[in-house]
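Listed here are the chains, written in short residue letters.
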Amino acid sequence: IQRIKVLNGKVAKQAEDEKHICPLQYDLIERCITRWSNRGDVALDYFSGIGSVPWQAIKMDRKGLGIELKRSYYELSCRFLAEQELQLAQPQMFSLEELEAA
């Protein structure tokens, strides 16, 4: 597990960064989601923070659901999840080739 591969690395250099005290590594999240869920399942995180688990779940073709009390973390989570969904909705070069061949 690479301890520096975390979602809050995207905001760590911003002046208003709150220095999230317990970032969760992508590697660990990916292992758990792979082991205990299937594509299309829901990954639930009761202590979502900035949304690392739902973010990784969406990336892995699952649904992500997170619960967070702190409004600033919730807002960051919404932003990250919207960016992830937009990125995954973009067509890829090879998928365009497959559409043209059909």
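Keep in mind that what you see is a predicted model, and the values were worked out from it rather than measured. (Residues numbered from 1 in each chain as written. Predicted model: local features only at pLDDT ≥ 70, side-chain atom pairs only at ≥ 80, totals over all residues. Heavy atoms only, no water.)

## Topic: the packing of aromatic side chains
Piece 1. Across all of its chains, the model carries one aromatic pair by this definition.
Piece 2. On the basis of an interplanar angle of 25 degrees and a centroid distance of 4.9 Å, the ring pair of Tyr26 and Trp55 is categorised as stacked. Of this pair, Tyr26 sits in helix 1 (residues 26-36) while Trp55 sits in helix 2 (residues 52-59), and the two are 29 residues apart along the sequence.
Piece 3. For Tyr26, a relative accessible area of 14% puts it in the buried group. (Phe/Tyr/Trp six-rings, centres within 6.5 Å; stacked < 30°, edge-to-face > 60°. Helix = DSSP H or I, 4+ residues; strand = E, 2+ residues; numbered from the N terminus. Buried < 20%, exposed > 50% of the residue type's maximum accessible area, 1.4 Å probe, protein only.)

## Points about a nonpolar patch on the surface
Piece 1. A cluster of nonpolar side chains, namely Val42, Leu44, Tyr46, Phe47, Leu65 and Ile67, defines an oily patch on the protein surface of about 650 Å² accessible area.
Piece 2. Structurally, the position occupied by Phe47 is in the loop between strand 1 (42-45) and helix 2.
Piece 3. Accessibility expressed as a relative area gives 75% for Phe47, which makes it exposed. (Patch = residues over 30% accessible without salt bridge, like charges linked within 9 Å, V, L, I, M, F, W, Y side chains within 5 Å. Areas by Shrake-Rupley, 256 points an atom, 1.4 Å probe, with all protein chains shown as cover. Salt bridge = Lys/Arg side-chain N within 4 Å of Asp/Glu carboxyl O.)

## Structural notes on the pattern of salt bridges
Piece 1. Throughout the structure, instances matching the rule amount to three salt bridges.
Piece 2. Across the pair Asp61 and Arg39 runs a salt bridge, and its minimum N-O distance is 3.6 Å. Residue Asp61 is located in the loop between helix 2 and strand 2 (63-66), and its partner Arg39 is located in the loop between helix 1 and strand 1; the two are separated by 22 residues in the primary sequence.
Piece 3. Given the relative accessible area of 63%, Arg39 is considered exposed.
Piece 4. The salt bridge partner of Arg79 is Glu83, with a shortest N-O separation of 3.5 Å. A residue pair is termed a helical-turn pair when its members lie 3 or 4 positions apart in one helix, as Arg79 and Glu83 do in helix 3 (residues 71-89) at four residues.

The values are spatial; any link to function lies outside them.
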